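Below, each chain spelled out in residue letters.
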Amino acid sequence: MINNNNNNNKIVITSAPGKVIVFGEHAVVYGKTAIASSLGLKCYSKVEKTNNDVVHLYLPNLQLEKTFSINELKTIKSTMNMKVDINNPIPISDEIKNKLTELSQPLKSFASEQAVLSFLYLYLCIAPEIVSVKIEVNSSLPVGAGLGSSASYAVSLVSSLLTFFNYIAKDNFTDKKSLKLINDWAFIGEKIAHGNPSGLDNSVSTYGKAQAFTKGELTVLENFNSFRFILTNTNVPKNTKVQVQNVRNLYNNYPNVVNPILDSIHNIGERCKELFTSENIEEEKITKELKDMIDINHYLLCSLNISHEKIEKIKQITKNYGFHTKITGAGGGGCLLTYIPKESDEKIVKNVKKELENNGFTCYDTIIGGEGVQIHRFNDEYINKEDEEQLKVIFK
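Residues numbered from 1 in each chain as written. Predicted model: local features only at pLDDT ≥ 70, side-chain atom pairs only at ≥ 80, totals over all residues. Heavy atoms only, no water.

- Identification of the chain as Mevalonate kinase from Anaeromyces robustus is taken from an unreviewed UniProt entry.
- Per its UniProt entry, the chain bears the Catalytic activity (unreviewed entry) comment "(R)-mevalonate + ATP = (R)-5-phosphomevalonate + ADP + H(+)".
- According to the UniProt record, the Pathway (unreviewed entry) comment for the chain is "Isoprenoid biosynthesis; isopentenyl diphosphate biosynthesis via mevalonate pathway; isopentenyl diphosphate from (R)-mevalonate: step 1/3." (UniProt positions renumbered as here; feature names shortened; annotations may be inferred.)

1. Side note on the UniProt feature "domain: GHMP kinase C-terminal" (unreviewed entry) in the chain
Part 1 of the reasoning: Per the UniProt record, "domain: GHMP kinase C-terminal" (unreviewed entry) is annotated on residues 288–357.
Part 2 of the reasoning: Helix makes up 56% of residues 288–357 and strand makes up 14%, while its end C-alpha atoms are separated by 27 Å. (Helix = DSSP H or I, 4+ residues; strand = E, 2+ residues; numbered from the N terminus.)

2. Considering the nonpolar core
Part 1 of the reasoning: Counting 56 residues, the largest nonpolar core has Leu73, Leu100, Phe119, Tyr123, Ile135, Leu162 and Trp185 as the members making the most contacts within it.
Part 2 of the reasoning: Among the elements that line this core, the one with the most residues is helix H3 (residues 110–126), at eleven residues.
Part 3 of the reasoning: In this view, Ile135 contacts Ser45, Lys46, Val47, Val55, His56, Leu57, Tyr58, Phe119 and Leu157; residues no more than four positions away in its chain are not counted.
Part 4 of the reasoning: Counting 52 residues, the second largest nonpolar core, distinct from the first, contains Val22, Leu41, Ile340 and Val352. (Core = buried A, V, L, I, M, F, W, Y, C linked by side-chain atoms within 4.5 Å. Buried < 20%, exposed > 50% of the residue type's maximum accessible area, 1.4 Å probe, protein only. Contact = heavy atoms within 4.5 Å.)

3. Side note on the domain arrangement of the chain
Part 1 of the reasoning: Taken as a whole, the chain is organised into domain 1 (11–219 + 371–394) and domain 2 (223–364).
Part 2 of the reasoning: The interface is formed by 27 residues belonging to domain 1 together with 33 residues belonging to domain 2.
Part 3 of the reasoning: Here domain 1 packs against domain 2, burying approximately 2400 Å² in sum over the two surfaces, 69% of which is carbon and sulfur.
Part 4 of the reasoning: Sorting the residues of domain 1 by area buried against domain 2 places Phe23, His26 and Tyr30 first, and these three jointly supply 31% of that buried surface.
Part 5 of the reasoning: The interface formed by domain 1 and domain 2 includes two salt bridges.
Part 6 of the reasoning: Across the salt bridge formed by Lys326 and Glu25, the nearest N and O atoms sit 2.8 Å from each other.
Part 7 of the reasoning: Every element with two or more residues in the side of domain 1 that touches domain 2 is listed here: strand S1 (11–23), strand S2 (34–49) and strand S6 (210–214). (Domains from an automatic or database assignment. Buried area = accessible area lost by both parts, 1.4 Å probe. Salt bridge = Lys/Arg side-chain N within 4 Å of Asp/Glu carboxyl O.)

4. Some remarks on the packing of aromatic side chains
Pairs of aromatic rings are described using the distance from one ring centre to the other and the angle between the two planes.
Part 1 of the reasoning: Evaluated as defined, the whole model comprises nine aromatic pairs.
Part 2 of the reasoning: Taken together, Phe224, Phe227, Phe229, Phe276 and Tyr339 form an aromatic cluster joined through their ring pairs.
Part 3 of the reasoning: Of note, Lys10 hangs over the ring of Phe164, and the distance from its end group to the ring centre comes to 5.2 Å. (Phe/Tyr/Trp six-rings, centres within 6.5 Å; stacked < 30°, edge-to-face > 60°. Lys NZ or Arg CZ within 6 Å of the ring centre and 35° of its normal.)

5. Some points on the packing of helix H5 (residues 176–194) against helix H6 (residues 200–207)
Part 1 of the reasoning: Running from N to C, H5 and H6 cross one another at 145°; their axes reach a closest spacing of 9 Å. Judged by the sense of rotation from one axis to the other, the crossing of H5 with H6 is right-handed. Of H6, the residues touching H5 (which contributes Leu179, Lys180, Ile182, Asn183, Ala186, Phe187 and Glu190) are Asp201, Asn202, Ser203, Thr206 and Tyr207.
Part 2 of the reasoning: A per-class count over the contact of H5 with H6 returns five nonpolar, four polar and three charged. (Axes fitted to C-alpha atoms, helices over the stretch in contact; angles between N-to-C directions. Left-handed = near helix turned anticlockwise from the far one by under 90°. Nonpolar A, V, L, I, M, F, W, Y, C, P; charged D, E, K, R; others polar.)

This is the structure:
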């Protein structure tokens with residue numbers, strides 16, 4: 001029997017999925033419905049008790065390793081007068097942000113700066129006392145591809161810290177209260193990374209499955225569960241801000257033309273919401289409608305001038321094999337989703353992935369609509385025995 005209060009050998013490992021926009025890109029900016037889903041690519045966070053008087057942060061994906069002295073962090077926590085109510089997270093103040101930014105320097109990139117700043121603030125808030133720990137976060141999500149990498153980082157990090165410091169019991173990890181606590185704190189991390197996020201990414205990463213998002217309101221699509229897709233990265237850097245502004249310019253110049261396009265994208269999201277909240281829908285009907293909606297949504301997005309020659313190359317390659325593909329995210333590069341129905345021939349799936357990769361694209365054969373945040377290890381106990389070998393590979 002494991003002693004849950006033994007901090008001498010305490011280890012917690014959790015994971016959180018990324019997210020994809022399935023339907024509703026750009027239209028969601030105008031109050032229309034978007035469908036977002038969890039992604040099989042995940043971020044894993046490990047918190048381990050140490051005895052070397054430092055807090056050690058290791059982020060191999062960012063080639064980043066930092067240590068912070070226990071005494072220095074204790075001083076910051078006391079002098080910054082951080083009065084924390086664990087059930088009511090508050091955003092970082094400018095004063096604390098400046099202090100922690102100064103403490104974290106030097107850093108090589110903006111992504112590294114945001115990751116370290118989020119970690120420091122979340123650790124100082126969540127830890128009831130500053131103790132020596134090593135935190136390692138490993139991610140299979142590409143950064144800056146519109147796949148919710150920062151939210152996945154925040155959710156996995158927060159969930160491991162909350163469990164390590166005994167605010168969440170491993171046996172109650174996915175009850176409503178625990179998930180809300182994780183989501184609320186992860187949203188604080190997202191605010192550090194993005195300023196004024198919608199909360200969609202961290203919600204999908206926490207709760208999993210798929211959610212319809214309309215004007216800030218979320219509806220869980222209970223029946224949208226574990227569909228197989230190929231996620232293909234064009235490896236063309238995207239600029240969401242530029243793409244959103246380009247669509248805004250079209251909207252301002254031609255409102256009577258662009259509005260019907262946005263309404264049509266909205267109607268696809270609404271139909272998806274209806275389809276996956278209905279009872280006893282036949283799988284054959286779901287498959288057919290998904291294929292149709294993927295094609296329609298893609299061409300509607302193309303009419304907003306957000307495509308790219310690499311996007312259309314991927315679309316054509318997958319079409320040649322009989323698969324249906326669409327842009328996911330802002331466009332202009334980034335990633336695409338290709339639906340792989342259950343009845344698909346594995347030889348054909350293998351061939352399409354091979355051709356995509358031969359053309360310089362990066363493919364991920366993954367599941368969307370799966371589980372949200374999960375706990376994998378608590379001290380010496382692996383929650384699922386099959387996790388043990390996988391985790392040994394992730395945390396070498």
